[in-house]
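# Overview (structure and organization)
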Amino acid sequence: MDQETVRTICYLARLEIDQSKSEKIQKDLETIIDLISSLQTIDTSDVEPLYSPLEMTAFMHEDIEKSDNKKEKFLENAAASNEDYFLVPRVVE
Amino acid sequence: MTWETVIGLETHVQLSTKTKLFSRASTAFGASPNTNVNLIDCGLPGVLPSVNKEAFYKAIRFGMAVGAQINQTSLFDRKNYFYADLPKGYQITQMDLPIVLGGSIEIILDKLAKTINITRAHLEEDAGKSIHDEFDGFSAIDLNRAGTPLLEIVSEPEISSAKEAVAYMKAMHQLVTYLDVSDGNMAQGSLRCDANVSIRKKGAKELGTRTEIKNINSFKFIEKAINFEIKRQIKILENGEKVTQETRLYDSSKDETRPMRSKEFANDYRYFPEPDLLPVIISDEEIKKIRDEFPELPNEKETRYQKEFGLSAYDAQIIASSKPMADFFEAALQKTKNYSLLSNWLIGEISAYLNKEQIEIHESKLSADIVAMLINRIDDQTISGKIGKSIFEEMCANGSSPDEIIKSQGLEQISDDEAIEEIILTVINENPAQVEAYLAGKEKLFGFFVGQVMKLTEGKANPKTVNNILKDKLK
Amino acid sequence: MSIQFKSIVELRAMLDEKSISTSELIQESFELAKKYKELNCFITMNEESGTKKANAIDQNEKGSSWLSGIPLAQKDLFCTEGLRTTCSSKILSNFIPPYTATAVQKLEDAGSITIGKTNMDEFAMGSSNETSFFGNVHNPWKKGYVPGGSSGGSAAAVAAGIVPAATGTDTGGSIRQPAAHCGITGLKPTYGRISRWGMIAFASSLDQAGPLARTAEDCAILLNTMSGHDLNDTTSLSSDVPDFLENINQPIDGLKIGVIKEFNLSDLDPQVQACFEESKKAYEALGAQFIEISLPNISASVPTYYSIAPAECSSNLSRFDGVRFGHRAENTNDLNDLYIKSRSEGFGDEVKRRILIGTYALSAGYYDAYYKKAQQVRRLIKNDFDHAFQSVDVLMTPTSPNTAFEFGSKGTQNPVELYLEDLFTISSNLAGLPAISIPHGQVNSLPAGLQLIGNFLREDQLLNAAHIFQKNSDHHLAQPDLGDF
């Protein structure tokens, strides 16, 4: 795992690692990847991945409105908001 | 150097379900900000999605209409990226197993038909909206739209010009409104498209580098944006340079496309199957029900109107092409049997009025009942066609029924032979010079007499009766 | 009579006999929490609301249910409306949820009283409760020793007798392992048995809520209430919920218990092994039969888990972006800066590590090799279990390869060291199977736990086997000294 890869996945995850910790993180990540790479030796040809332990299918709901009515509570929880919107630093497209 | 344009369109159709794809918040347009937001739509910790059945039914109807394969087992996947209007930090979409695969749409341009194939169509949730310019230094986020069901329809790159792109979008618009899959209201964002445009030398096999123009929401802009982009790319290639693969936005005020702010790292969406949603299975019974309840499509209506109601091919095509118009026609048919008069009025006076006001028939004050009544009153000679036209104006303004107007303004046509004869005799007596001139051979003066009778009867005399009696008396 | 160390069954009797009122019971629970504050098991207390509810219950002298007036602690991973919920993270240190998790709601509707929210490993990521923003939890049996994780606070609160029971969550062993280290009983139900609505997600296909209590019987009482299909969680089972108390006293003659060959118990600490052998004998004496079972892919459990869980968590934790709730960094230049700073300031190191691994495992070019591969191995592991349950009723293992350890003694140099703590528990999460841990002795004066793994939907069998063991032994009655606290 090189520094470039670490930088990329940090950005994808929107995380930054302290300079002082970056070497250890890289080492930790390498150790964990070694651990999970051990699966490569197992033969999984023709094996369907198991994404959920349930052999069930989706329950779907009817198209009937049921509002939670919690606008104020949602906006209250935000670090920055006014009575109508969540606010973030201005985005330039 | 002859260049060839290759265009692929990704259309996002907002489904006309009452509630969102994964929550039961309302999808009603125009609500005050952040009120159509349930816990799920806000992406709060601990929330879980639940699938809206109706969204699947609408997607399947679309798939059936374009002759696509319906995947009775389909899956949802997560598309991971960060943006202010994406509350969970991922969008739930369908990657590997979409609900609809394949299909095609026929477009007609300059009387020539062309088939555009569809790669796939899948369900996904819409993001919220960000408003960038209203709050000093801040962008404001409204999550009303977050979670609204979208059907993303991907075409094969078989479109060759901006005009074809518009024809395709118009055909798409007609189809989704007809199927009651979407309200197709482009101004409200119900239908928008991303255009992938590339240029290559004519006859070349490989595709050129493409750019993607995002979120175009009107037919006019689609045509302009694509045309601009084609010109821009051709210029670059003619200069011996390469086109950069990028995402662009169309700026309608400047009529140009410009690149979106470039990102430092290309987005890796890290798709994986959505673990909070199990596979969706649509049963054979459900498929059968959707097929059985399938609405009649425009071309089927055209044929039927001609066969059952004797409309001309031209008239049938015009009425059938707009669902609101077709619905109106069919509703009016319950109340009147004079099909040809009805269709004449729809295509003539009524369409002219709607065009002037820039509205659709279901947005006007005209109801099928009152229009049918108008047709009947002309048909049964209660009023003349001419009086009908003036009544129509008032119907448009107030939605009042013809009977009401006729009664309150005393507009019944005078058809009584004796009454008309009396008035004719009055006109003849008062205009001896014209009578003499007419009898001497000035046949054109017939119209003068008719005019005079109409004046005295305030236009209410039955024209046919007037003609007959006048001819008789002017011998 | 003190309420400390009493089970739900015992407290129910006391309340019904009116030897104590609900208010007295709740007050004492709060007092115990204050007395043993040093354990650091609670992050937020619910005194005002709890006291009010206790008074109300005393006023309405209607017929009581099992849980009416019983004090419970809720793991701080469950959203509780109006009551701070932090997941032991700085990023949620001031989060007040606008709704309550279904599992908690059901317990409260049944009359229980939430005493407070318990400390845990940050976002449930850990096996020792050493990653909490609010500090470590002490094992009531030995100060300066870990209680296990991630439900360390819940386990400690029950072990110290502050509450008779608590809720926890288990993604790789987070109920069972702290239950084992703290000498109490903890149950992870079948995946889907309890609704995940309101349970802040770590790894969606592995997470499951469950009870921690002093006895299997108490666990059955809680499971009865917490279980059931929830329309808000479409991954919750629609199967009927049996009464888990109904057959709990059935004799276990002929019960077939499998011992997993590949776990090589002879490699374990000899004292841990000895405990296990004792328990085998105890079960044999109760009529059970032991059969050696092979689960050929079981040793792949830990790497499989550590490919899947971080991947799912990396996505589940993307919503913590500082925009709509939670910690937001100050003085940021633009949106990306806001994300990066808020998340980096808000998350601890273990959480960051897992998010990064998960991001990597899902990224283009690596997805097939890591995430998809792991889900394929997962199916092999599940198939092994399905096959095993054709010849046995339950499987038995030690809950953990060792007992509680000193703060900071594992995982600081190498994170994988701590991951291996979950060796015996992780596979049941991968397969979605129910499993229970019961105390079965002590090693160097620290509790050791015995694990039973059951077939899909067969919590009844586990509870029965556990209950009969407890009826015939007294390990679960041992109480920590608490002199150091």
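The preceding data block contains the structure.
Right, let's walk through the structure included here. (Residues numbered from 1 in each chain as written. Chains lettered and ligands numbered in written order. Predicted model: local features only at pLDDT ≥ 70, side-chain atom pairs only at ≥ 80, totals over all residues.)

## Overview of the nonpolar core
Counting 234 residues, the largest nonpolar core has Ala59(B), Ala165(B), Tyr168(B), Ala195(B), Ile222(B) and Val158(C) as the members making the most contacts within it. Among the elements that line this core, the one with the most residues is helix H2 (residues 162–178) of chain B, at 10 residues. Sequence-distant contacts of Ala59(B), defined by excluding residues within four places in its chain, comprise Ile99(B), Val100(B), Ala121(B), Leu123(B) and Leu151(B). (Core = buried A, V, L, I, M, F, W, Y, C linked by C-beta atoms within 7 Å. Buried ≥ 20, exposed ≤ 12 C-beta atoms within 10 Å, placed from the backbone. Helix = DSSP H or I, 4+ residues; strand = E, 2+ residues; numbered from the N terminus. Contact = placed C-beta atoms within 7 Å.)

## Topic: unusual backbone geometry
Peptide bonds are mostly trans, and most non-glycine residues show a negative phi. All names here are of chain C. Going from Gly-149 to Ser-150, the amide bond is cis rather than trans, its omega being 10 degrees. Secondary-structure assignment places Ser-150 in the loop between strand E3 (113–118) and helix H5 (152–159). The phi dihedral of Phe-5 falls on the positive side, at around 70 degrees, and the residue is not glycine. As for its placement among the helices and strands, Phe-5 is situated in the segment before helix H1 (8–16). In this structure, Asn-40 takes a positive phi of about 65 degrees despite not being glycine. Using a count of 21 C-beta atoms within 10 Å as the deciding quantity, one classes Asn-40 as buried.

## Describing the environment of Glu30(A)
Residues and elements named next belong to chain A. By secondary structure assignment, the location of Glu-30 is in helix H2 (residues 19–37). Overall, the presence of 12 C-beta atoms within 10 Å leaves Glu-30 in the exposed class. As a C-alpha pair, Glu-30 and Asp-2 span 28 residues in sequence and 9.5 Å in three-dimensional space.

## Details of the sheet that holds strand E5 (residues 185–188) of chain C
Residue and element names in this part refer to chain C. The 11 strands are arranged E1-E3-E2-E4-E6-E5-E10-E11-E9-E7-E8 in an open sheet whose pairing can be described as mixed. If you trace the sheet from one side to the other, it starts and ends with strand E1 (42–45) and strand E8 (289–293), each paired once. Across the sheet, the mean angle from the axis of one strand to that of its neighbour is 30 degrees, orientation sign disregarded. Bridge count between strand E2 (residues 71–75) and E3: five bridges; the pairing is parallel. Looking at E3, one finds that Gln-74 is bridged to Lys-117. The strands touched by H5 within the sheet are E1, E2, E3, strand E4 (165–169), E5 and strand E6 (209–213), with E4 carrying the most contacts at an inclination of about 160 degrees. Docked against the sheet, helix H7 (residues 216–226) engages E4, E5, E6 and strand E10 (435–443), running at close to 150 degrees with respect to E6. (Pairing = 2+ DSSP bridges. Axes fitted to C-alpha atoms, helices over the stretch in contact; angles between N-to-C directions.)

## With respect to helix H11 (residues 402–409) of chain B
All names here are of chain B. Along H11, the residues classified as buried are Pro-402, Ile-405 and Ile-406. For H11, the angular spread of buried residues about the axis comes to 100 degrees, placing them on one side. Residues of H11 that are exposed and point over 90 degrees away from its buried face: Lys-407 and Ser-408. Where H11 is buried, its residues meet helix H9 (368–379) and helix H10 (385–398). Just past H11, the residue Gly-410 takes up positive phi, approximately 55 degrees. (Arc of directions from axis to C-beta.)

Geometric values such as these leave the question of function open.
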